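# A look at the structure
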Amino acid sequence: PISRVERVTKAEDKIHANLNDRQKEFIDFVLERYALGGVEELDMDRLSDLITLKYRTVSDGQKALGDIDGIKNIFIGFQKHLYQ
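### Some words on the packing of aromatic side chains
Scanning all chains against the criterion turns up two aromatic pairs. Both rings, one in Phe 26 and one in Tyr 55, keep their centres 6.0 Å apart while their planes meet at 35°; by these two values the pair is tilted. Of this pair, Phe 26 sits in helix H2 (residues 21–37) while Tyr 55 sits in helix H3 (residues 47–55), placing them 29 residues apart in sequence. Residue classification places Tyr 55 among the buried positions, given a relative accessible area of 14%. Their ring planes at 70° and their centres at 6.2 Å tell us that Phe 75 and Phe 78 sit as a pair that is edge-to-face. Remark: Phe 78 and Phe 75 occur in helix H5 (residues 68–82); sequence separation between them is three residues, near one turn of the helix. Assigned by exposure class, Phe 75 and Phe 78 land together as buried.

Next up, the structure:
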């Protein structure tokens, strides 16, 4: 097995490929949390907490990132690259 930091480093280019700057900033925040805290940070149940940690409120997160369905798609979509 490889470390979480190494896993993130190897997948970073693929993860960022289809994201705009604001999305990259949020996903990088999530990846930092993942590297420090583990795979639990990638659980869908953590998404609203992560948005709140980054943007103070879910509403502010939506202003930065778009609607909640789009945020969910981004959150789920990048994870496949971590484990390829």
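### What to know about the pattern of salt bridges
Enumeration over the complete set of coordinates arrives at six salt bridges. Of the charged contacts in the structure, one is a salt bridge between Glu 41 and Arg 46, with a shortest N-O distance of 2.8 Å. The class for Glu 41 is buried, based on a relative accessible area of 11%. Salt bridges sharing common partners tie together Arg 33, Glu 41, Arg 46 and Asp 49.

Reading the values: rules and limits
Residues numbered from 1 in each chain as written. Predicted model: local features only at pLDDT ≥ 70, side-chain atom pairs only at ≥ 80, totals over all residues. Heavy atoms only, no water. Phe/Tyr/Trp six-rings, centres within 6.5 Å; stacked < 30°, edge-to-face > 60°. Helix = DSSP H or I, 4+ residues; strand = E, 2+ residues; numbered from the N terminus. Buried < 20%, exposed > 50% of the residue type's maximum accessible area, 1.4 Å probe, protein only. Salt bridge = Lys/Arg side-chain N within 4 Å of Asp/Glu carboxyl O.

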